[in-house]
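These are the residues of each chain, in order.
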Amino acid sequence: MAGQIAELAHETLPREHKSVTTTEAKILLIEAGPQVLAAFAPKLQRYTQRRLEKIGVEVWLNTMARDMDSGSVTVTGPDGDRRIPARTRIWAAGVQASPLAAILAAATGAGTDRPGRVAVLPDCSLPGHPEVFAIGDMVRLNDLPGVAQPAIQEGTYVGRLIRARLAGQTGTAPFAYRDKGSMATIGHLSAVADAFGMKFTGVIGYTMWGLVHVLYLVGWGNRVAAVFNWARALTFSKNRPYRTITYEHARDELAEGLHQRE
């Protein structure tokens, strides 16, 4: 997120919209831990920080956001408290689980963790209710992260489990997660990937991320369209006005939507 904002402000908008002045925008990445991308290998962490700093992102490590108001953020770091004037703040430090998780926990006696995820049994069912399943980022199971791959694999597993039960089969093995690796984009043609027991950075990592992204799109039509649009954007076209939403554009879209409802 920080890398893409930096490229958008320092390169893309000034090049494509001459009336937009964003080159002096200051982008800060506030990280409470001692490194960026804590879940990745040290090699990939170092590459990510160098790349972010190269494209104009200030990385503040061991610094925690403590408070904020309408025009600033107060952080606590190695040098104590500091107030940072800022009109735009983006929170990317995790989210709360769906309220449905708490409802299920209260109804079944299952526990919840700090983000509100409900604890499920090894077969993704709720305690005392083998007929009720919960999956994805609303559940706590084997300390898995709340990202797409665990949710996809849990969904596939539960589907097969239900089919097996309908066929009268018993003794299904508990859910086992298959780690297919982790990837993160930093900016244009720059990403990190940890897959197949190897570490990748730069263009190779970016290409791997793109291939995986396309692979998990639904339907070949969407996949072909995504590849075509990316190829056109990266190779043939320098004009991509859909990057920005102006006040006038949003107002007109809203007015048109209200008119159609009437």
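Data block above holds the structure.
Residues numbered from 1 in each chain as written. Predicted model: local features only at pLDDT ≥ 70, side-chain atom pairs only at ≥ 80, totals over all residues. Heavy atoms only, no water.

## Comments concerning a nonpolar patch on the surface
For clarity, the threshold we go by: Grouping into patches uses exposed residues only, defined as over 30% relative accessible area, and leaves out salt-bridged ones; the cut-off is 9 Å for like charges and 5 Å for nonpolar side chains (Val, Leu, Ile, Met, Phe, Trp, Tyr). Every accessible area reported is derived by Shrake-Rupley at a probe size of 1.4 Å, with residue values counting cover from the shown protein chains alone. Salt bridges are defined as contacts in which a side-chain nitrogen from Lys or Arg sits within 4 Å of a carboxyl oxygen from Asp or Glu. Where helices and strands are cited, they refer to DSSP runs of H or I of at least four residues and of E of at least two residues respectively, numbered from the N terminus.
Nonpolar side chains collect at one region of the surface, where Ile152, Val212, Leu215 and Tyr216 lie side by side and expose about 330 Å² of accessible area between them. Here Ile152 is to be found in helix 4 (residues 148–166).

## Considerations on the nonpolar core
Stated formally: What is meant by a nonpolar core is a set of buried Ala, Val, Leu, Ile, Met, Phe, Trp, Tyr and Cys residues, joined one to another through side-chain atoms within 4.5 Å. Throughout this description, buried means an accessible area under 20% of the type-specific maximum (1.4 Å probe, protein chains only), exposed means over 50%, and partly exposed covers the range between. Contact criterion: two residues are considered in contact whenever any of their non-hydrogen atoms come within 4.5 Å of each other.
By size, the foremost hydrophobic cluster in this structure holds 18 residues, and its most contacted members are Val118, Val120, Cys124, Val139, Tyr157 and Phe175. Sorting the residues of this core by element identifies helix 3 (99–108) and helix 4 as the ones contributing at least two each. Contact partners of Phe175, with chain neighbours within four places excluded, come to Pro122, Cys124, Leu141, Asn142, Leu144, Pro150, Gln153, Glu154 and Tyr157. Ranked by size, the runner-up nonpolar core spans 16 residues in total, among them Ala6, Ala9, Leu44 and Ala184.

## Observations concerning the packing of aromatic side chains
Selection rule: In this analysis, rings of Phe, Tyr and Trp, with Trp reduced to its six-membered ring, are considered paired at centre separations within 6.5 Å, and the interplanar angle assigns stacked below 30 degrees, edge-to-face beyond 60, and tilted for intermediate values.
Counted according to the given criterion, the structure contains two aromatic pairs. When the centroid spacing of 5.6 Å and the interplanar angle of 70° are considered together, the rings of Tyr157 and Phe175 count as edge-to-face. With a gap of 18 residues between them, Tyr157 in helix 4 and Phe175 in the loop between helix 4 and strand 10 (182–187) connect regions that are remote in the sequence. The exposure class assigned to Tyr157 is buried, which follows from its relative accessible area of 13%. Note on Tyr206 and Trp209: the rings are 6.0 Å apart at their centroids and 40° apart in plane angle, and the pair reads as tilted. Residue Tyr206 and its partner Trp209 are both found in helix 5 (residues 202–215); the two are separated by three residues, about one turn of the helix. Overall, the relative accessible area of 26% leaves Trp209 in the partly exposed class.

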